[in-house]
There are 2 protein chains.
Amino acid sequence: MTTRRDAVHDTLRKSEGFRSAQDVYAEMRLHGAKIGLTTVYRALQALADGGQVDVLRTDDGESVYRACATDTHHHHLVCRRCGRTVEVAGPAVERWAEMVGSEHGFTEITHTVEVFGTCAGCSTAVRSS
Amino acid sequence: MTTRRDAVHDTLRKSEGFRSAQDVYAEMRLHGAKIGLTTVYRALQALADGGQVDVLRTDDGESVYRACATDTHHHHLVCRRCGRTVEVAGPAVERWAEMVGSEHGFTEITHTVEVFGTCAGCSTAVRSS
DNA sequence: GGAGGTTTTGACAACCATTTTCATTTTGGC
DNA sequence: GCCAAAATGAAAATGGTTGTCAAAACCTCC
(Lines give C-alpha, C1' and ligand atoms only; values in the text may rest on other atoms or scores of the structure.)
Protein backbone atom coordinates (compact mmCIF):
# COMPACT_ATOMS: atom_id res chain seq x y z
CA MET A 1 0.00 0.00 0.00
CA THR A 2 2.71 2.40 0.91
CA THR A 3 5.49 0.69 -0.98
CA ARG A 4 4.68 2.56 -4.17
CA ARG A 5 4.64 5.82 -2.37
CA ASP A 6 7.98 5.05 -0.78
CA ALA A 7 9.46 4.21 -4.15
CA VAL A 8 8.32 7.56 -5.49
CA HIS A 9 9.69 9.29 -2.41
CA ASP A 10 13.04 7.55 -2.84
CA THR A 11 13.29 8.54 -6.48
CA LEU A 12 12.61 12.12 -5.52
CA ARG A 13 15.25 12.04 -2.81
CA LYS A 14 17.86 11.07 -5.37
CA SER A 15 17.20 14.19 -7.42
CA GLU A 16 19.07 17.44 -6.95
CA GLY A 17 16.21 19.80 -7.63
CA PHE A 18 12.53 19.95 -8.34
CA ARG A 19 11.15 17.31 -10.65
CA SER A 20 7.83 16.99 -12.41
CA ALA A 21 5.55 13.99 -12.06
CA GLN A 22 6.41 12.99 -15.60
CA ASP A 23 10.13 13.24 -14.79
CA VAL A 24 9.74 10.98 -11.80
CA TYR A 25 7.69 8.54 -13.81
CA ALA A 26 10.28 8.40 -16.62
CA GLU A 27 13.08 8.02 -14.12
CA MET A 28 11.39 5.12 -12.37
CA ARG A 29 10.58 3.32 -15.59
CA LEU A 30 14.19 3.75 -16.69
CA HIS A 31 15.29 1.87 -13.63
CA GLY A 32 12.84 -0.89 -14.37
CA ALA A 33 10.17 -0.01 -11.85
CA LYS A 34 6.73 -1.26 -12.76
CA ILE A 35 4.51 1.67 -11.98
CA GLY A 36 1.85 3.66 -13.79
CA LEU A 37 1.77 7.37 -14.38
CA THR A 38 -1.50 7.70 -12.49
CA THR A 39 0.05 6.15 -9.43
CA VAL A 40 3.00 8.50 -9.55
CA TYR A 41 0.62 11.46 -9.61
CA ARG A 42 -1.33 10.06 -6.71
CA ALA A 43 1.78 9.31 -4.69
CA LEU A 44 3.20 12.77 -5.24
CA GLN A 45 -0.06 14.36 -4.21
CA ALA A 46 -0.24 12.25 -1.09
CA LEU A 47 3.35 13.11 -0.20
CA ALA A 48 2.68 16.77 -0.78
CA ASP A 49 -0.48 16.67 1.32
CA GLY A 50 1.46 15.00 4.09
CA GLY A 51 4.12 17.68 3.92
CA GLN A 52 6.82 15.18 3.05
CA VAL A 53 7.64 16.87 -0.24
CA ASP A 54 7.45 20.46 -1.38
CA VAL A 55 5.56 21.53 -4.48
CA LEU A 56 5.82 24.53 -6.65
CA ARG A 57 4.65 25.60 -10.05
CA THR A 58 6.96 26.36 -12.90
CA ASP A 59 6.32 29.32 -15.13
CA ASP A 60 4.64 27.08 -17.64
CA GLY A 61 2.23 25.68 -15.12
CA GLU A 62 3.80 22.34 -14.40
CA SER A 63 3.80 21.10 -10.82
CA VAL A 64 7.26 20.13 -9.62
CA TYR A 65 8.15 18.27 -6.47
CA ARG A 66 11.14 18.00 -4.18
CA ALA A 67 12.02 15.97 -1.14
CA CYS A 68 13.57 18.55 1.13
CA ALA A 69 16.20 17.90 3.77
CA THR A 70 14.52 19.81 6.55
CA ASP A 71 10.94 19.40 7.57
CA THR A 72 10.74 22.86 9.05
CA HIS A 73 9.42 25.80 7.11
CA HIS A 74 11.88 27.08 4.52
CA HIS A 75 12.16 28.57 1.07
CA HIS A 76 14.08 27.72 -2.07
CA LEU A 77 16.81 29.23 -4.13
CA VAL A 78 16.44 27.55 -7.49
CA CYS A 79 18.73 27.67 -10.50
CA ARG A 80 16.52 28.55 -13.41
CA ARG A 81 18.81 26.69 -15.75
CA CYS A 82 19.68 23.38 -14.13
CA GLY A 83 17.14 23.28 -11.31
CA ARG A 84 19.73 22.90 -8.58
CA THR A 85 18.08 23.95 -5.37
CA VAL A 86 19.31 25.32 -2.06
CA GLU A 87 17.05 25.40 0.96
CA VAL A 88 17.14 28.73 2.72
CA ALA A 89 15.57 30.12 5.84
CA GLY A 90 14.19 33.61 6.01
CA PRO A 91 12.91 34.46 9.46
CA ALA A 92 12.83 38.15 8.57
CA VAL A 93 10.59 37.39 5.62
CA GLU A 94 8.20 35.36 7.75
CA ARG A 95 7.82 38.23 10.15
CA TRP A 96 7.39 40.71 7.33
CA ALA A 97 4.60 38.64 5.78
CA GLU A 98 2.76 38.35 9.10
CA MET A 99 3.08 42.06 9.67
CA VAL A 100 1.94 43.10 6.23
CA GLY A 101 -1.06 40.81 6.50
CA SER A 102 -2.24 41.92 9.90
CA GLU A 103 -1.64 45.57 9.02
CA HIS A 104 -4.41 45.22 6.45
CA GLY A 105 -6.73 43.19 8.62
CA PHE A 106 -5.97 39.85 7.01
CA THR A 107 -5.92 36.66 9.05
CA GLU A 108 -4.59 33.15 8.51
CA ILE A 109 -1.62 34.51 6.65
CA THR A 110 0.39 32.23 4.42
CA HIS A 111 2.98 33.16 1.87
CA THR A 112 4.99 31.86 -1.02
CA VAL A 113 8.57 33.02 -1.40
CA GLU A 114 10.89 31.57 -4.01
CA VAL A 115 14.16 32.94 -5.24
CA PHE A 116 15.44 32.17 -8.73
CA GLY A 117 18.84 32.76 -10.24
CA THR A 118 21.58 31.25 -12.32
CA CYS A 119 23.93 29.16 -10.25
CA ALA A 120 27.70 29.52 -10.40
CA GLY A 121 28.16 26.41 -12.52
CA CYS A 122 25.57 27.40 -15.05
CA SER A 123 26.74 30.97 -15.44
CA THR A 124 30.28 29.86 -16.31
CA ALA A 125 28.84 27.31 -18.73
CA VAL A 126 26.94 30.07 -20.48
CA ARG A 127 29.95 32.37 -20.62
CA SER A 128 32.13 29.74 -22.23
CA SER A 129 29.60 28.74 -24.87
CA MET B 1 -4.62 47.20 -33.44
CA THR B 2 -4.34 48.37 -29.91
CA THR B 3 -8.03 48.99 -29.36
CA ARG B 4 -8.66 45.40 -28.38
CA ARG B 5 -5.79 45.44 -26.00
CA ASP B 6 -7.07 48.62 -24.42
CA ALA B 7 -10.51 47.11 -24.00
CA VAL B 8 -8.97 44.15 -22.19
CA HIS B 9 -6.88 46.47 -20.07
CA ASP B 10 -9.94 48.51 -19.15
CA THR B 11 -11.90 45.44 -18.16
CA LEU B 12 -9.06 44.37 -15.95
CA ARG B 13 -8.83 47.77 -14.32
CA LYS B 14 -12.45 47.53 -13.27
CA SER B 15 -11.77 44.35 -11.30
CA GLU B 16 -10.83 44.29 -7.66
CA GLY B 17 -8.44 41.38 -7.74
CA PHE B 18 -6.76 38.96 -10.06
CA ARG B 19 -8.85 37.60 -12.91
CA SER B 20 -8.28 34.74 -15.30
CA ALA B 21 -8.33 35.09 -19.05
CA GLN B 22 -11.61 33.24 -19.14
CA ASP B 23 -13.07 35.59 -16.53
CA VAL B 24 -12.08 38.62 -18.56
CA TYR B 25 -13.49 37.08 -21.69
CA ALA B 26 -16.82 36.26 -20.03
CA GLU B 27 -16.99 39.73 -18.50
CA MET B 28 -16.41 41.40 -21.84
CA ARG B 29 -18.96 39.28 -23.65
CA LEU B 30 -21.48 40.05 -20.93
CA HIS B 31 -21.08 43.72 -21.69
CA GLY B 32 -21.60 43.09 -25.36
CA ALA B 33 -18.02 43.32 -26.52
CA LYS B 34 -17.31 41.43 -29.71
CA ILE B 35 -14.03 39.73 -29.00
CA GLY B 36 -12.68 36.21 -29.22
CA LEU B 37 -11.12 34.18 -26.47
CA THR B 38 -7.89 33.90 -28.43
CA THR B 39 -7.58 37.66 -28.65
CA VAL B 40 -8.12 38.03 -24.93
CA TYR B 41 -5.30 35.57 -24.30
CA ARG B 42 -3.04 37.41 -26.70
CA ALA B 43 -3.87 40.81 -25.25
CA LEU B 44 -3.24 39.65 -21.70
CA GLN B 45 0.08 38.17 -22.70
CA ALA B 46 1.12 41.34 -24.46
CA LEU B 47 0.11 43.44 -21.48
CA ALA B 48 2.01 41.15 -19.16
CA ASP B 49 5.09 41.24 -21.38
CA GLY B 50 4.93 45.00 -21.41
CA GLY B 51 4.70 45.06 -17.63
CA GLN B 52 1.33 46.76 -17.69
CA VAL B 53 -0.38 43.97 -15.81
CA ASP B 54 0.86 41.50 -13.22
CA VAL B 55 0.45 37.77 -13.60
CA LEU B 56 0.45 34.99 -11.12
CA ARG B 57 -0.55 31.38 -10.99
CA THR B 58 -3.33 30.08 -8.84
CA ASP B 59 -2.91 26.84 -6.97
CA ASP B 60 -4.74 25.01 -9.68
CA GLY B 61 -2.46 26.28 -12.38
CA GLU B 62 -4.60 28.99 -13.89
CA SER B 63 -2.91 32.24 -14.89
CA VAL B 64 -4.55 35.28 -13.38
CA TYR B 65 -3.96 38.89 -14.26
CA ARG B 66 -4.29 42.22 -12.55
CA ALA B 67 -3.87 45.84 -13.59
CA CYS B 68 -1.90 47.28 -10.71
CA ALA B 69 -1.95 50.86 -9.54
CA THR B 70 1.78 51.33 -9.31
CA ASP B 71 4.22 50.47 -12.03
CA THR B 72 7.11 50.03 -9.63
CA HIS B 73 8.10 46.66 -8.25
CA HIS B 74 5.73 45.43 -5.58
CA HIS B 75 4.07 42.35 -4.16
CA HIS B 76 0.52 41.31 -3.41
CA LEU B 77 -1.53 40.54 -0.39
CA VAL B 78 -4.41 38.50 -1.75
CA CYS B 79 -7.59 37.39 -0.02
CA ARG B 80 -7.84 33.70 -0.68
CA ARG B 81 -11.60 33.88 -0.45
CA CYS B 82 -12.72 36.91 -2.46
CA GLY B 83 -9.54 37.74 -4.32
CA ARG B 84 -9.35 41.29 -3.03
CA THR B 85 -5.78 42.43 -3.45
CA VAL B 86 -3.58 44.98 -1.74
CA GLU B 87 -0.33 46.08 -3.30
CA VAL B 88 2.51 46.07 -0.82
CA ALA B 89 6.14 47.05 -0.95
CA GLY B 90 8.85 45.03 0.75
CA PRO B 91 12.26 46.62 0.39
CA ALA B 92 13.62 44.37 3.11
CA VAL B 93 12.51 41.31 1.20
CA GLU B 94 14.15 42.51 -1.99
CA ARG B 95 17.44 42.94 -0.18
CA TRP B 96 17.08 39.59 1.51
CA ALA B 97 16.53 37.82 -1.82
CA GLU B 98 19.56 39.47 -3.38
CA MET B 99 21.69 38.55 -0.41
CA VAL B 100 20.56 34.94 -0.22
CA GLY B 101 21.22 34.54 -3.92
CA SER B 102 24.69 36.02 -4.01
CA GLU B 103 25.65 34.19 -0.83
CA HIS B 104 25.29 30.96 -2.79
CA GLY B 105 26.94 32.24 -5.94
CA PHE B 106 23.74 32.76 -7.90
CA THR B 107 23.42 35.63 -10.34
CA GLU B 108 20.54 37.36 -12.08
CA ILE B 109 18.38 36.94 -9.03
CA THR B 110 14.63 37.24 -9.32
CA HIS B 111 12.02 36.31 -6.80
CA THR B 112 8.33 35.71 -6.32
CA VAL B 113 6.72 36.79 -3.09
CA GLU B 114 2.99 36.61 -2.54
CA VAL B 115 1.10 36.81 0.72
CA PHE B 116 -2.28 35.18 1.13
CA GLY B 117 -4.83 35.55 3.87
CA THR B 118 -8.47 36.01 4.64
CA CYS B 119 -9.49 39.64 4.52
CA ALA B 120 -11.45 41.33 7.30
CA GLY B 121 -14.71 41.26 5.37
CA CYS B 122 -14.45 37.60 4.52
CA SER B 123 -13.49 36.46 7.99
CA THR B 124 -16.56 38.11 9.51
CA ALA B 125 -18.70 36.59 6.78
CA VAL B 126 -17.38 33.16 7.71
CA ARG B 127 -17.90 33.69 11.41
CA SER B 128 -21.51 34.70 10.98
CA SER B 129 -22.43 31.78 8.72
C1' DG C 1 -6.01 -22.09 3.49
C1' DG C 2 -9.37 -19.86 1.66
C1' DA C 3 -13.90 -16.56 0.96
C1' DG C 4 -15.32 -12.09 0.77
C1' DG C 5 -14.81 -7.41 1.24
C1' DT C 6 -11.80 -3.35 0.90
C1' DT C 7 -7.97 -0.80 -0.99
C1' DT C 8 -4.61 0.06 -4.59
C1' DT C 9 -3.24 0.03 -9.11
C1' DG C 10 -2.86 1.46 -13.94
C1' DA C 11 -4.48 1.65 -18.91
C1' DC C 12 -7.31 4.56 -21.02
C1' DA C 13 -10.44 8.26 -21.67
C1' DA C 14 -11.95 12.74 -20.30
C1' DC C 15 -10.86 17.56 -18.85
C1' DC C 16 -9.73 22.06 -19.51
C1' DA C 17 -6.72 26.06 -19.79
C1' DT C 18 -3.85 27.48 -23.17
C1' DT C 19 -1.71 27.52 -27.85
C1' DT C 20 -1.60 26.79 -32.78
C1' DT C 21 -3.48 26.98 -37.20
C1' DC C 22 -5.27 29.26 -40.88
C1' DA C 23 -8.63 31.63 -43.44
C1' DT C 24 -10.78 36.08 -43.10
C1' DT C 25 -10.91 40.87 -41.81
C1' DT C 26 -8.91 45.14 -40.68
C1' DT C 27 -5.31 48.43 -40.93
C1' DG C 28 -1.85 51.67 -42.60
C1' DG C 29 1.06 53.37 -46.28
C1' DC C 30 1.29 55.09 -50.82
C1' DG D 1 -8.49 52.71 -54.08
C1' DC D 2 -4.85 48.97 -53.63
C1' DC D 3 -1.93 46.00 -51.56
C1' DA D 4 1.06 44.03 -48.20
C1' DA D 5 1.34 43.34 -43.34
C1' DA D 6 -0.76 42.80 -39.01
C1' DA D 7 -4.76 41.47 -36.20
C1' DT D 8 -8.66 38.63 -35.39
C1' DG D 9 -11.27 34.53 -34.01
C1' DA D 10 -13.38 29.86 -34.83
C1' DA D 11 -11.96 25.56 -34.61
C1' DA D 12 -8.57 22.05 -33.85
C1' DA D 13 -4.46 20.57 -31.43
C1' DT D 14 -1.64 20.25 -27.20
C1' DG D 15 -0.35 18.52 -22.88
C1' DG D 16 -0.34 18.19 -17.98
C1' DT D 17 -3.44 16.43 -14.87
C1' DT D 18 -7.57 14.02 -13.18
C1' DG D 19 -11.52 10.67 -13.46
C1' DT D 20 -13.18 5.97 -14.59
C1' DC D 21 -13.42 1.35 -13.93
C1' DA D 22 -12.04 -3.29 -14.14
C1' DA D 23 -8.34 -6.12 -12.59
C1' DA D 24 -4.91 -7.13 -9.04
C1' DA D 25 -3.17 -7.06 -4.33
C1' DC D 26 -4.18 -7.05 0.41
C1' DC D 27 -6.52 -7.84 4.73
C1' DT D 28 -9.38 -10.12 8.13
C1' DC D 29 -12.03 -13.31 9.95
C1' DC D 30 -13.68 -17.95 9.69
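The rules behind these values
- Once a new chain begins, its residue numbering starts again from 1 and follows that chain's sequence as written.
- The order in which chains are written sets their letters, starting at A; the order in which ligands are written sets their numbers, starting at 1.
- Per-residue local features of the predicted model are confined to residues with pLDDT of at least 70, and side-chain atom pairs are confined, for both listing and counting, to 80 or more; whole-chain, interface and lining totals are unaffected and use all residues.
- The side-chain values count all of the structure's non-hydrogen atoms but skip hydrogen atoms and water molecules.
- The pairing criterion for strands is at least two bridges between them, as found by DSSP.
- In DSSP terms, a helix is any run of H or I states spanning at least four residues, a strand is any run of E spanning at least two, and both are numbered starting from the N terminus.
- When the copies are overlaid, the least-squares fit takes in C-alpha atoms only where the residue has pLDDT of at least 70 in both copies.
- Should any heavy atoms of two residues lie within 4.5 Å, those residues are counted as being in contact.
- Here a residue is considered near a molecule or strand provided that any single heavy atom belonging to it is located within 4 Å of it.
- Two N or O atoms form a polar contact when they lie within 3.5 Å of each other; inside protein one atom must be a possible hydrogen donor and the other a possible acceptor, and for residues adjacent in sequence the pair counts only when both atoms belong to side chains.
- When residues are grouped by polarity, Ala, Val, Leu, Ile, Met, Phe, Trp, Tyr, Cys and Pro land in nonpolar, Asp, Glu, Lys and Arg in charged, and all others, Gly among them, in polar.
- Accessible surface is computed with a 1.4 Å probe, and the buried area is the amount of it that two parts give up when combined, taken over both parts together.
- Any carboxyl oxygen of Asp or Glu within 4 Å of a side-chain nitrogen of Lys or Arg constitutes a salt bridge here.
- Here an axis means a line fitted to C-alpha atoms, over the contact stretch when the element is a helix, while the angle between two N-to-C directions is reported on a 0 to 180 degree scale.
- Orientation labels follow simple angle bins: below 35 degrees gives roughly parallel, above 145 gives roughly antiparallel, 65 to 115 gives roughly perpendicular, and whatever is left gives oblique.
- Here a crossing is called left-handed whenever its near helix is offset anticlockwise from the far helix by less than a right angle, and right-handed whenever the offset is clockwise.

Draft legend 1. Geometry of the sheet that holds strand 1 (residues 19-20) of chain B. Residues and elements named next belong to chain B. Pairing in this open sheet of three strands is antiparallel, and the strands run 1-3-2 from one edge to the other. Looking at the sheet topology across the chains shown, the edges are occupied by strand 1 and strand 2 (54-57). Where strand 1 lies against strand 3 (residues 63-66), two bridges are found, and the strand directions are antiparallel. Residue Arg19 lies in a different strand from strand 3, and its bridge partner there is Tyr65.

Draft legend 2. Layout of the relation of the copies chain B and chain A. When chain B is fitted to chain A, the residual RMSD is 0.1 Å, and the transformation amounts to a turn of 180° plus an axial shift of 0.0 Å. Taken together, these values place the two copies in the relation of a two-fold axis. Across chain B, the smallest distance between a C-alpha and the rotation axis is recorded for Val113 of chain B, namely 2.3 Å. A shared binding surface is used by both copies, with 100% of the interface residues of chain B retained as interface residues in chain A.

Draft legend 3. Main features of the protein's contact with DNA strand C. Taken together, 14 residues surround DNA strand C, and among them Arg4, Thr39 and Arg42 of chain A together with Tyr41 and Gln45 of chain B come closest. Close to the protein, within 4 Å, the atoms of DNA strand C are drawn from sugar and phosphate at a rate of 62%. Contact between DNA strand C and Tyr41 of chain B: a phosphate oxygen at 2.8 Å from a side-chain N or O atom of the residue. Going through the elements one at a time, helix 3 (37-49) of chain A together with helix 3 (37-49) of chain B are the ones with two or more residues in the surface near DNA strand C. Class assignment for the residues of the surface near DNA strand C results in three nonpolar, seven polar and four charged.

Draft legend 4. View of the interface of chain B and chain A. Contacts between the two partners involve 37 residues from chain B, matched on the other side by 37 residues from chain A. Summing the contributions of chain B and of chain A, the shared interface buries around 2800 Å²; its carbon and sulfur component is 64%. It is Arg57, Trp96 and Phe106 of chain B that lose the most area in chain B upon contact with chain A, and together they represent 23% of the buried surface on that side. Applying the counting criterion to the chain B and chain A interface returns zero salt bridges. Remark: the boundary between chain B and chain A carries 16 residue pairs in polar contact (both at pLDDT 80 or more). At the level of secondary structure, the elements contributing two or more residues to the side of chain B that touches chain A comprise strand 4 (75-79), strand 5 (85-88), helix 4 (91-103), strand 6 (107-118) and helix 5 (120-127) of chain B. Tallied by class, the residues present in the side of chain B that touches chain A amount to 17 nonpolar, 13 polar and seven charged.

Draft legend 5. Up close: the protein's contact with DNA strand D. Around DNA strand D, the structure places 14 residues, and the nearest of them are Gln45 and Ser63 of chain A together with Arg4, Thr39 and Arg42 of chain B. For DNA strand D, the fraction of protein-proximal atoms (within 4 Å) that sit in sugar or phosphate groups is 63%. The separation between a phosphate oxygen of DNA strand D and a polar side-chain atom of Tyr41 of chain A is 2.9 Å. Interatomic distance of 2.7 Å between a side-chain N/O atom of Gln45 of chain A and a phosphate oxygen of DNA strand D. Counting only elements with at least two residues in the surface near DNA strand D, the list comes to helix 3 of chain A together with helix 3 of chain B. In the surface near DNA strand D, the residues fall into three nonpolar, seven polar and four charged.

Draft legend 6. Quick peek at the side chain of Ser123 of chain A. Within the secondary structure, Ser123 of chain A sits in helix 5 (residues 120-127). Looking at Ser123 of chain A, its side chain comes within polar contact range of the main-chain oxygen of Ala120 of chain A, at 3.1 Å. Discounting chain neighbours no more than four positions away, the residues touching Ser123 of chain A are Thr118 of chain A together with Thr107 of chain B.

Draft legend 7. Structural detail: the packing of helix 2 (residues 21-30) of chain A against helix 3 of chain A. Residues and elements named next belong to chain A. Interaxial distance between helix 2 and helix 3 falls to 9 Å at its minimum, and their mutual angle equals 125°. Classified by the angle their axes make, helix 2 and helix 3 are oblique. Where helix 2 crosses over helix 3, the handedness of that crossing is right-handed. On the side of helix 2, the interface is formed by Ala21, Gln22, Val24, Tyr25 and Met28, while helix 3 contributes Leu37, Val40, Tyr41 and Leu44. Of the residues that constitute the contact of helix 2 with helix 3, the class distribution is eight nonpolar, one polar and no charged.

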